[in-house]
Amino acid sequence: MRKSMLMALVPIAALLAAACGSSSKTTTTHAKSPTSTGSTSSSSSSGGVTITTKTIKPYGAVLVNSSGHTLYVFAPDKAKKVTCVSACASIWPPAKLSSGTKASGSGQVKSSLLGSDPNPSGASVATYNGWPLYTYVADTAPGVAHGEAINSSGGLWYVISPSGKVIKSKGSSSS
């Protein structure tokens, strides 16, 4: 009995540790786990962030970081500025840039859409078509998008296509 209780608590403790002790309430509802195919990979430059692409079913080609982890946009950012900070950023870590570095792209990434935005917590965050980019702590493996279309940390989260359009559901997108 004691061993089974311990085994049940391990995943919960891991998620809490990944959230860095966040005390903000989040609502996460996961859709059926998507699968991925067709990766384009590259390495990250020193202190910079490399943005590339990966096909993740059912969303198609989406932006990922150099480790293959899905990048998301936060609807409250409105393609203008970083608004996910503090507890939010412990669940949705921003694609941080070291001082004086820029994001680079490979695969289907359009260099003209890459940029950066000041992070209220310091330094800068990589952007794409004006949208600050984030990863999600529940995406523990490359090629998954558990954060797509969930309401968490005060807003909705979406994957973004190489064209710079926000993918709100399979087959539809909005800028």
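Refer to the structure above for everything that follows.
None of the values given here were measured: they were computed from a predicted structure.

*Asks:* Hey, could you go over the environment of Ala103 for me, with residue numbers and the actual values?
*Replies:* By the secondary structure assignment, Ala103 is in the loop between β5 (96-97) and β6 (104-105). With relative accessibility at 16%, the residue Ala103 sits in the buried group. Here the alpha-carbon distance between Ala103 and Val125, two residues 22 residues apart in the chain, equals 8.9 Å.

*Asks:* Explain the state of the cysteines residue by residue, including any values.
*Replies:* Here a disulfide denotes one covalent bond, and it connects the sulfur atoms of two cysteines. Scanning the entire structure with this criterion turns up 1 disulfide. Across the disulfide from Cys84 sits Cys88; the S-S distance is 1.9 Å. In this structure, the disulfide formed by Cys84 and Cys88 twists by about -110 degrees around the S-S bond and is classed as left-handed. Cys88 matches Cys84 in its accessibility class, with the two residues each being buried.

*Asks:* Just give me the short version of the environment of Tyr134, but keep the residues and values in it.
*Replies:* Note that Tyr134 resides in the loop between β9 (131-132) and β10 (151-152). With 50 residues separating them along the chain, Tyr134 and Cys84 place their C-alpha atoms 9.0 Å apart. Here Asp77 takes part through its side chain, which lies 2.7 Å from a polar atom of the side chain of Tyr134.

*Asks:* Quick rundown of the packing of aromatic side chains? Include the residues and the values.
*Replies:* Tallied over the entire structure, the rule returns 6 aromatic pairs. Ring geometry for Trp92 and Tyr136: centres 4.0 Å apart, planes at 15 degrees, overall stacked. With Trp92 in the loop between α2 (87-91) and β5 and Tyr136 in the loop between β9 and β10, the pair connects residues that are 44 residues apart, well separated along the chain. According to the relative accessible area criterion, Trp92 is buried, its value standing at 0%. The buried category is assigned to Tyr136, whose relative accessible area is 6%. Summarising the aromatic geometry, the rings of Tyr134 and Trp157 are spaced 5.1 Å apart at their centres and angled 90 degrees between planes, so their arrangement reads as edge-to-face. Pair noted here: Tyr134 is in the loop between β9 and β10 and Trp157 is in strand β11 (residues 155-160), with a separation of 23 residues, a long-range link. Here the two residues Tyr134 and Trp157 agree in accessibility, since each one is buried.

*Asks:* With reference to specific residues and values, describe the nonpolar core.
*Replies:* Ranked by internal contacts, the top residues of the largest apolar core, which has 20 residues, are Trp92 and Trp157. Every element with two or more residues in this core is listed here: β3 (60-65), β4 (72-74), α2 and β11. Discounting chain neighbours no more than four positions away, the residues touching Trp92 are Tyr72, Cys84, Tyr134, Thr135, Tyr136, Gly147, Ile150, Ser152, Ser153 and Trp157. Counting 18 residues, the second largest nonpolar core, distinct from the first, contains Ile51, Leu63, Leu114 and Tyr158.

*Asks:* Summarise unusual backbone geometry; cite the residues concerned and give the values.
*Replies:* In the segment running from Lys57 into Pro58, the intervening peptide bond is cis, with an omega of 5 degrees. Positive phi is not limited to glycine here, since Lys78 has a value of about 50 degrees. On the secondary structure map, Lys78 appears in the loop between β4 and α2. You can call Lys78 exposed: its relative accessible area is 59%. Residue Asn129 is not a glycine yet carries a positive backbone phi of 55 degrees. Among the structural elements, Asn129 can be located in the loop between β8 (124-128) and β9. For Asn129, a relative accessible area of 34% gives the class partly exposed.

Rules used throughout
- Residues numbered from 1 in each chain as written.
- Predicted model: local features only at pLDDT ≥ 70, side-chain atom pairs only at ≥ 80, totals over all residues.
- Heavy atoms only, no water.
- Helix = DSSP H or I, 4+ residues; strand = E, 2+ residues; numbered from the N terminus.
- Buried < 20%, exposed > 50% of the residue type's maximum accessible area, 1.4 Å probe, protein only.
- Disulfide = S-S within 2.5 Å.
- Polar contact = N/O pair within 3.5 Å; in protein donor to acceptor, adjacent residues only side chain to side chain.
- Phe/Tyr/Trp six-rings, centres within 6.5 Å; stacked < 30°, edge-to-face > 60°.
- Core = buried A, V, L, I, M, F, W, Y, C linked by side-chain atoms within 4.5 Å.
- Contact = heavy atoms within 4.5 Å.

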